[in-house]
Amino acid sequence: MNRVIHPIEVESYRRMRARLDTSHLPPLTRAVVERVVHSAADLDYAADLVMAEAELERAHAALHAGAPVVVDVEMVGAGITRRETVCRLRDAVAGPGLTRSAHGIRLAYEQVGPGALWVIGNAPTALEELLTLDADPALVIGLPVGFVGAVESKAALRESGLPAVSNVSEKGGSAVASAALNALLYHPASSSEASESSESSESSLSPEASLSSEPSEASEEKQ
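Thresholds applied
- Residues numbered from 1 in each chain as written.
- Predicted model: local features only at pLDDT ≥ 70, side-chain atom pairs only at ≥ 80, totals over all residues.
- Heavy atoms only, no water.
- Phe/Tyr/Trp six-rings, centres within 6.5 Å; stacked < 30°, edge-to-face > 60°.
- Lys NZ or Arg CZ within 6 Å of the ring centre and 35° of its normal.
- Salt bridge = Lys/Arg side-chain N within 4 Å of Asp/Glu carboxyl O.
- Helix = DSSP H or I, 4+ residues; strand = E, 2+ residues; numbered from the N terminus.
- pLDDT = per-residue confidence, 0-100.
- Contact = heavy atoms within 4.5 Å.
- Axes fitted to C-alpha atoms, helices over the stretch in contact; angles between N-to-C directions.
- Parallel < 35°, antiparallel > 145°, perpendicular 65-115°, else oblique.
- Nonpolar A, V, L, I, M, F, W, Y, C, P; charged D, E, K, R; others polar.
- Buried < 20%, exposed > 50% of the residue type's maximum accessible area, 1.4 Å probe, protein only.
- Pairing = 2+ DSSP bridges.

S.K.: Teacher, can you tell me more about the packing of aromatic side chains here?
M.R.: The geometry of two aromatic rings is summed up by the distance between their centres and the angle between their planes. In total, this model carries zero aromatic pairs according to the counting rule given. Seen from the ring of Tyr-45, Lys-171 lies directly overhead, with NZ or CZ sitting 4.4 Å from the centre.

S.K.: Any chance you could explain the pattern of salt bridges here in plain terms?
M.R.: Opposite charge on two side chains allows them to pair when their charged atoms are near. Enumeration over the complete set of coordinates arrives at nine salt bridges. Measuring nitrogen to oxygen at the nearest pair gives 2.8 Å for the salt bridge that ties Glu-11 to Arg-15. Linking Glu-11 with Arg-15, this pair stays in helix α1 (residues 7-19), spanning four residues, or about one helical turn. The closest approach of N and O atoms between Lys-171 and Asp-42, which form a salt bridge, is 2.8 Å.

S.K.: I'm lost on the confidence of the model for the protein chain in this one. Help?
M.R.: Detailed reading of predicted coordinates is not advised where the pLDDT is low. Scored by pLDDT, the protein chain has a mean of 87; 84% of the residues are at 70 or more. With pLDDT under 50 throughout, residues 193-223 is counted as low confidence; its partners more than four residues away or in other chains account for 67 contacts.

S.K.: In this structure, what is going on with the packing of helix α2 (residues 27-40) against helix α4 (residues 53-64)? I would like to understand it.
M.R.: Each pair of packed helices can be summarised by the angle the axes make with each other and by the distance between the axes. It is at 8 Å that the axes of α2 and α4 come closest, and there the two elements cross at 85°. It follows that α2 is roughly perpendicular to α4 by the angle criterion. Taken together, the residues of α4 that come into contact with α2 (itself represented by Pro-27, Leu-28, Thr-29 and Val-32) are Glu-53, Leu-56, Glu-57 and His-60. Of the residues that constitute the contact of α2 with α4, the class distribution is four nonpolar, two polar and two charged.

S.K.: Which parts of the structure should I look at to understand unusual backbone geometry?
M.R.: Note on backbone geometry: most residues besides glycine have negative phi, and most peptide bonds are trans. Positive phi values are uncommon outside glycine, yet Ala-41 reaches one of about 50°. Along the chain, Ala-41 falls in the loop between α2 and α3 (45-48). Positive phi values are uncommon outside glycine, yet Asp-136 reaches one of about 45°. The exposed category is assigned to Asp-136, whose relative accessible area is 54%.

S.K.: For this particular structure, what's the right way to read the sheet that holds strand β3 (residues 117-120)?
M.R.: Sheet strands line up and pair through hydrogen bonds in the backbone, either parallel or antiparallel. Here we have five strands laid out as an open sheet, ordered β1-β5-β4-β3-β2, and mixed in their pairing. Two strands in the sheet have a free side with no partner beyond their single neighbour: β1 (49-50) and β2 (69-71). With four bridges joining them, β3 and strand β4 (residues 139-142) adopt parallel strand pairing. For Trp-118, the partnering residue across the bridge sits in β4 and is Val-140. Together, β2 and β3 form the strand contacts of helix α6 (residues 100-112), whose direction differs from that of β3 by roughly 165°.

In C-alpha cells:
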C-alpha cells in the first residue's frame, strides 16, 4: 500500500524510537506495537500488549486477501483507513442479558460469517459475545477499555486460543484498536502471504520493511 508519510509523523516515530527500542521484535509484532504506542503516546503498551507473530502473519495474509473487517463501534471504524468495515451497532437492540454492543456483534457475525478480522475497542460485552460464537476469526483485536469487564474479557480472549491481539491492563479504546488493525493494513503484502505461506512471508517481512511502512498521514493530528 503506497502512502504519503507526513513529516510530522516521521519525526514522531523518530522520537518514539529514541525512547523505545523495538528492534528485537519480529516485523508484524513490531508494526503493531509501534503503531499502538504511537496512537496513544503511551510507551507502557509495549509491555502490555500480547500477540503472536505467526498469528499476525496469517491475519495479515487474510486481510490483504480481502477478508472482512468487523468493528464493535463506529469510532473504531472511523480510525481504520483505506478499508471498509462492518458495524451493526446502529441496528442492535438491548434485551434481557444482552447489551446493544453484544447484539451488534451477533448481527455482524450473521452478516459476514467466519474468517473475518474483528476489531473491538469499546465494550467488553462485545468481546464476550464474540467468544460465544463459532466465528472462526482470522484475528480478534480485543482492546476494550474500562474498569468493569475489560481485563476479564481480554483474559478470556487469550484463554480461548483464538488468534488475537490483546492487552493485560484496563487500558484500550477505539484509537488503539484501530491502530492495531492499521499496522497490519499498512504493512506491505507479498505474494507468499497471499497464499498464506508463513515460511516465505517470514523471510520477506524484514524489520526494515516495518520501519518504512509504519507512519501514515492519517494520525498526524494526534501529534
